[in-house]
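Analysis of the macromolecular model
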Amino acid sequence: MARKIAVWLGKVIGAGVTAFALLSLFCVWYYNPPVHKVAANGATGYTRQADAFWARATEGFARGQTDGNGYNNSYPVEDPGDIHILMMGSSQTEGLYVNDDECASYLLNQYFHEDGSGRYVYNIGMSAHEIFRNVSNLETALSVYEPKEYVAIETGVLAYQPEEVWQALAHDMPELTVGTGYSLLDLLQQNPYLKLVYQQYSNYKNRENTDTGVGKGYDVFSEDTLWASRQMLEYIAGTARAHHCEPILYYIPELQLDDNGALVFAATEGTREQYAALCRELGILFVDMTDGIVELYEQEHILASGFANTQAGYGHLNREGHRILADALYEAISEQEEQL
């Protein structure tokens, strides 16, 4: 009897180990983003593992490798030398939902190579780094990376709330947590399958705070938000020029499809025009993706966000979305140079 129990236990353990190994191998390609690490230089709140392979098939199908600083920069240059354009943004800019050679920063480097200008774009986009956190980190990032021409900052909202602006300008943003706070659990997360399990658990815990709806035209200016937005844009412009570069703000609009299949945007046309006018007044180059997104959808019936394995039109930029962003930035910079 004891021998039979031992054999049975051996089979159970062996089956469990085999299943775990197979699931881990599968997740190397299915869900394997590099874990976050503390950013020693302060340019972002955290980075990812440096020189790490990554892949995911939970939102889009993508793979690539981080650079030596833990950011998504894989454009093949032996010695990039000076950084001409520094990109700062959220997971939209980071671009881990498309292949690393399909994200906007990679495409921009291609464009600048092809036109002979030799500009080098460096991307420090990072998840959970929306414009307020990037503005809070702006001085440090410019001191660390010293872009020679432009700093390009992503924004997903145009009418900034005063409370968030004050936090950004006072460098008093809520601290980002790195890891789980438990050394053993952080170590276990090096395994792709356990990383996926923990992510699913986190999503479950946060499910009540997840809102996938976009209210049509909710991103509008009031007297308070217009004044707060001016304060933040003045800070961006002044900080950039103090570090001998020019500011660019590029807008990735929040959108969704309504029940009739029409695009719904968070910001009204009036809000976009007000924001663009404010940028012009302060000498900030404003790049708005909205028209490119609408044109792609109306002419080719292709959405710039969402993937075949997610909700159409919702979530991160897909390959076409990154192309639209790269095209818009390249055209705006080229036109700016022609006017000089």
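Not measured: the values here are computed from a predicted model.

Points about the overall build of the protein
Scanning the protein for helices and strands turns up twelve helices and twelve strands. Here the protein has a C-alpha radius of gyration of 22 Å; the compact-globule value for 340 residues is 20 Å, and the two agree. If one aligns the C-alpha atoms of the protein with their principal axes, the spans along those axes are about 85 × 50 × 40 Å. Every one of the 340 residues in the protein was classed for burial, and the buried ones make up 47%. Considering only contacts within the protein whose residues lie at least 6 apart along the sequence, 74% involve residues at least 24 apart. As displayed, the protein has an accessible area near 17,300 Å², and 51% of this comes from carbon and sulfur atoms.

Remarks on unusual backbone geometry
At D51, a residue that is not glycine, the phi angle is positive and equals roughly 50°. For D51, the position within the fold is in the loop between β3 (46-48) and β4 (53-56). The class of D51 is exposed, set by a relative accessible area of 52%. Even without a glycine there, the phi angle at H244 is positive, about 65°. If you trace the backbone, H244 turns up in the loop between α9 (223-242) and β9 (246-251).

So, the pattern of salt bridges
Applying the stated criterion across every chain yields a total of ten salt bridges. The partner of E149 in a salt bridge is R119, and the shortest N-O contact between them spans 2.8 Å. With a gap of 30 residues between them, E149 in the loop between α5 (138-145) and β8 (150-155) and R119 in the loop between α3 (104-114) and β7 (121-123) connect regions that are remote in the sequence. For R119, a relative accessible area of 13% puts it in the buried group.

Description of the packing of α5 against α9
The geometry of α5 relative to α9 is characterised by a closest axis approach of 10 Å and an angle of 20° between their N-to-C directions. Judged by the angle between their axes, α5 and α9 are roughly parallel. Every pair of crossing elements has a handedness; the one defined by α5 and α9 is right-handed. Of the residues in α9, those in contact with L138, E139 and L142 of α5 are Y235, I236, T239 and A240. For the contact of α5 with α9, the class distribution of residues is five nonpolar, one polar and one charged.

Here we look at a nonpolar patch on the surface
A surface patch of nonpolar side chains, about 760 Å² in accessible area, is lined by M1, I5, W8, L9, V12, I13 and V17. Here I13 is to be found in helix α1 (residues 2-30).

Describing the pairing of β8
With respect to burial, β8 is a largely interior element, six of its six residues being buried. Every second residue of β8 is oriented toward a common face, with Y150, A152 and E154 on one face and V151, I153 and T155 on the other, all of them buried. The pairing of strand β6 (residues 85-88) with β8 spans four bridges and is classified as parallel. Bridge pairing in β8 places L86 opposite V151.

Considerations on the side chain of S136
Structurally, S136 is set in helix α4 (residues 131-136). Given the relative accessible area of 12%, S136 is considered buried. Each residue touching S136, except ones within four places of it in the same chain, is listed here: A168, H171, D172 and M173.

Points about the packing of aromatic side chains
Taken as a whole, this structure holds 13 aromatic pairs when the rule is applied. Centre to centre, the rings of Y122 and Y145 are 5.3 Å apart; their planes meet at 35°, and the pair counts as tilted. Placement of the pair is Y122 in strand β7 and Y145 in helix α5, with a sequence separation of 23 residues. Here Y122 and Y145 have matching classes, each one buried. Members of the aromatic cluster, each reached through a chain of ring pairs, are Y71, Y120, Y122 and Y145. Its end group placed over the ring of Y97, R56 keeps NZ or CZ at 4.3 Å from the ring centre.

A look at the sheet that holds β8
Strand order in the open sheet formed by five strands is β7-β6-β8-β9-β12, with parallel pairing between adjacent strands. Both edges of this open sheet fall to β7 and β12 (285-288), since each of them pairs with a single strand only. Taking each pair of neighbouring strands and ignoring which way they run, the sheet shows an average axis angle of 20°. Where α5 meets the sheet, its contacts fall on β6, β7 and β8, and the angle it forms with β6 comes to roughly 145°. Against the sheet, α9 makes contact with β8 and β9, and its axis sits at roughly 140° relative to β9, the strand it touches most.

Calculation notes
- Residues numbered from 1 in each chain as written.
- Predicted model: local features only at pLDDT ≥ 70, side-chain atom pairs only at ≥ 80, totals over all residues.
- Heavy atoms only, no water.
- Helix = DSSP H or I, 4+ residues; strand = E, 2+ residues; numbered from the N terminus.
- Rg over C-alpha atoms; globule rule 2.2 N^0.38 Å.
- Buried < 20%, exposed > 50% of the residue type's maximum accessible area, 1.4 Å probe, protein only.
- Contact = heavy atoms within 4.5 Å.
- Areas by Shrake-Rupley, 256 points an atom, 1.4 Å probe, with all protein chains shown as cover.
- Salt bridge = Lys/Arg side-chain N within 4 Å of Asp/Glu carboxyl O.
- Axes fitted to C-alpha atoms, helices over the stretch in contact; angles between N-to-C directions.
- Parallel < 35°, antiparallel > 145°, perpendicular 65-115°, else oblique.
- Left-handed = near helix turned anticlockwise from the far one by under 90°.
- Nonpolar A, V, L, I, M, F, W, Y, C, P; charged D, E, K, R; others polar.
- Patch = residues over 30% accessible without salt bridge, like charges linked within 9 Å, V, L, I, M, F, W, Y side chains within 5 Å.
- Pairing = 2+ DSSP bridges.
- Phe/Tyr/Trp six-rings, centres within 6.5 Å; stacked < 30°, edge-to-face > 60°.
- Lys NZ or Arg CZ within 6 Å of the ring centre and 35° of its normal.

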